[in-house]
Amino acid sequence: MYFQREQREQIKKDNPTLKTLPQVAKKLGEIWGKMTEEEKKPYVEMATKDKARYEVQNKAYKEKLEREKKEKEDKEREKKAKAKKDEEDDDSEDGDNEEGDDEEDDDDDD
């Protein structure tokens, strides 16, 4: 990838008959295949470093997503628990009022 980025424009200039990207890529592949390991070494090292950078960033990104997902689930769980508690509180208040009304009715009968 780094080799192709570095060499693409030069290949186009040196080979004006190569008009399409696949043609240029094929030519770059031919050149890469003829290079020695020593000539490839700087490009391989750049790719290795970039891969390590990517893996660190990708891990951090995935951890962030996981944290955000957990936080969202926790908030939903808290929201549901609060709604259930509010519903239970409303039900118990309604029951208290009904009992109180019955007692008042009993007092009126006296």
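The rules behind these values
- Residues numbered from 1 in each chain as written.
- Predicted model: local features only at pLDDT ≥ 70, side-chain atom pairs only at ≥ 80, totals over all residues.
- Heavy atoms only, no water.
- Salt bridge = Lys/Arg side-chain N within 4 Å of Asp/Glu carboxyl O.
- Helix = DSSP H or I, 4+ residues; strand = E, 2+ residues; numbered from the N terminus.
- Buried < 20%, exposed > 50% of the residue type's maximum accessible area, 1.4 Å probe, protein only.
- Lys, Arg positive; Asp, Glu negative; His and termini not counted.
- Contact = heavy atoms within 4.5 Å.

(A) Spotlight on the pattern of salt bridges. Counted according to the given criterion, the structure contains seven salt bridges. When the shortest N-O distance is used, the salt bridge between aspartate 74 and lysine 70 registers 3.1 Å. You can see aspartate 74 and its partner lysine 70 sitting in helix α3 (residues 37–109), four residues apart, about one turn around the helix. On the basis of relative accessible area, lysine 70 is assigned to the partly exposed category, the value being 48%.

(B) Spatial organisation of the side chain of lysine 40. Relative to the elements of secondary structure, lysine 40 occurs in helix α3. Buried and without a salt bridge, lysine 40 has glutamate 37 as its closest oppositely charged side chain, separated by 4.1 Å. Setting aside residues up to four positions removed in sequence, lysine 40 forms contacts with Trp32 and Met35.

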